[in-house]
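One-letter residues, chain by chain:
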Amino acid sequence: MTPAEKFLNEIAKDLGTQPGYKIEEEVFFTLRYAKSRSVAVKNTEIARNEMPKYLGEADYETSISTTSQTVRRAIVNKYKEEMTADGVDVNILLNGQVGQGGIWRDAYNWLWQYKYPRWLEAHSWELLREKATSPANWIQFLTGEMADLKKSRGPYLKDEEPEPEIPQIIPVNEKLWIAIDLEYPHCQFLLFNRSEAGVVLLCPSFGYAPNPIIDKPPLLLPQRDSFAEQTKQKFRFNDKGQEEFLGIVLAKPLNLPWLIPQRQEKIPKWNNQRIKELFEQLETQNNWQVFYQSFEVVELDNP
């Protein structure tokens, strides 16, 4: 199920509690307001050709205007305050005045242009995390000495036995490297970090990783030509608590402006427009994988 389908199902569930909302309205809503449904398709066509597939043979066309009006009113009753704040004239939807291109389009456009981006922003992390298939130790935090060992390692060959899982902790207030141990040569790698401060993009970024293409593992951050490396900085976590990391590997690199490292935004931030653009492009390709790991930032006892 795509994110758009999940969103529509949640809205349909919310609308089901509204007065006068029956199975006919529920089916019509999911058909009429589907993101993939062409707005050129008429309500009468949906009633005649689609609704019988879900409800059985009957005349749904004669009452489709009433069905559509009930759905519009249910949307307004449920989300009136939110719609008004977004500049929607809800009186048109409630009173049934004829608007340009059909009254229902005002509600449709609001759902997908305003409500959906907000929903996607709130649920995007979990939607991606649900797809994660993460091997042990795919992301590690290293001190300078450990990173030097990774850099100097010869030809890469994994042991037959799986590596023991490393404790998922990050020492507070220490200079650290990130090592990404994934075997996806020539693929694009995106790395997001979520904390109480929000979500940021670490790779690609001007700050830590100008080059998001995996050559051979491990991929070490900060990269040599990054701003952090040039200014002799590393990763440092000053506050205790949870830090989450989500990686996406893509065989076909995404072409988005905010994935091009920029000095003026050394560490790109996550926002609903960028989330929307990311999901739209991910939906167009199948060859991508997600990896997830959570860490606790803790103070280590001195030996």
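Residues numbered from 1 in each chain as written. Predicted model: local features only at pLDDT ≥ 70, side-chain atom pairs only at ≥ 80, totals over all residues. Heavy atoms only, no water.

1. Some points on the packing of helix α2 (residues 23-32) against helix α4 (residues 64-85)
- Two elements in contact, α2 and α4, have axes separated by 9 Å at closest approach and are oriented at 80°. Here α2 is positioned roughly perpendicular relative to α4, judged by the angle of their axes. The segment α2 lies against α4, with Glu24, Glu25, Phe28 and Phe29 engaging Ile64, Thr67, Ser68, Thr70, Val71 and Ile75.
- Split by residue class, the contact of α2 with α4 holds five nonpolar, three polar and two charged. (Axes fitted to C-alpha atoms, helices over the stretch in contact; angles between N-to-C directions. Helix = DSSP H or I, 4+ residues; strand = E, 2+ residues; numbered from the N terminus. Parallel < 35°, antiparallel > 145°, perpendicular 65-115°, else oblique. Contact = heavy atoms within 4.5 Å. Nonpolar A, V, L, I, M, F, W, Y, C, P; charged D, E, K, R; others polar.)

2. A look at the packing of helix α1 (residues 3-15) against helix α6 (residues 104-129)
- α6 packs onto α1 with a crossing angle of 110° between their chain directions and a minimal axis gap of 10 Å. Compared by their axis directions, α1 and α6 come out roughly perpendicular. Once α1 is placed against α6, the crossing between them reads as right-handed. When α1 is examined against α6, the residues Pro3, Ala4, Lys6, Phe7, Leu8, Glu10 and Ile11 are found in contact with a partner set consisting of Leu111, Trp112, Lys115, Tyr116, Trp119, Leu120, His123 and Leu127. (Left-handed = near helix turned anticlockwise from the far one by under 90°.)

3. Overview of the environment of leucine 31
- Note on placement: leucine 31 falls in helix α2.
- In contact with leucine 31, other than residues within four places in its own chain, are Arg37, Ile46, Glu50, Met51 and Tyr54.

4. Observations regarding the pairing of strand β3 (residues 177-180)
- Going residue by residue along β3, you find Trp177 and Ala179 tucked away on one face and Ile178 and Ile180 tucked away on the opposite face as well.
- Where strand β1 (residues 139-142) meets β3, four bridges bridge the pair, whose relative direction is antiparallel. Bridge pairing links leucine 142 to tryptophan 177 in β3.
- Taken together, the three bridges between β3 and strand β6 (residues 219-221) define a ladder with antiparallel strand orientation. Bridging across to β6, alanine 179 finds its partner in leucine 220. (Buried < 20%, exposed > 50% of the residue type's maximum accessible area, 1.4 Å probe, protein only. Pairing = 2+ DSSP bridges.)

5. As for the packing of aromatic side chains
- Enumeration according to the criterion identifies 21 aromatic pairs in this entry.
- Between tyrosine 79 and tryptophan 110 the ring centres are 5.6 Å apart and the planes differ by 40°, which places this aromatic pair in the tilted class. Separated by 31 residues along the polypeptide, tyrosine 79 in helix α4 and tryptophan 110 in helix α6 bring together distant segments of the chain. As far as the burial class goes, tyrosine 79 and tryptophan 110 line up, both buried.
- Summarising the aromatic geometry, the rings of tryptophan 104 and tyrosine 108 are spaced 5.6 Å apart at their centres and angled 80° between planes, so their arrangement reads as edge-to-face. Placement of the pair is tryptophan 104 and tyrosine 108 together in helix α6, with a separation of four residues, close to one helical turn. The burial state of tryptophan 104 is the same as that of tyrosine 108; both residues are buried.
- An aromatic cluster of three or more residues is present, and its members are Phe7, Trp112, Tyr116 and Trp119.
- Positioned above the aromatic ring of tryptophan 104 is the side chain of arginine 32, whose terminal nitrogen or guanidinium carbon lies 3.8 Å from the ring centre.
- The ring of phenylalanine 227 carries the charged tip of lysine 266 above its face, separated from the ring centre by 4.9 Å. (Phe/Tyr/Trp six-rings, centres within 6.5 Å; stacked < 30°, edge-to-face > 60°. Lys NZ or Arg CZ within 6 Å of the ring centre and 35° of its normal.)

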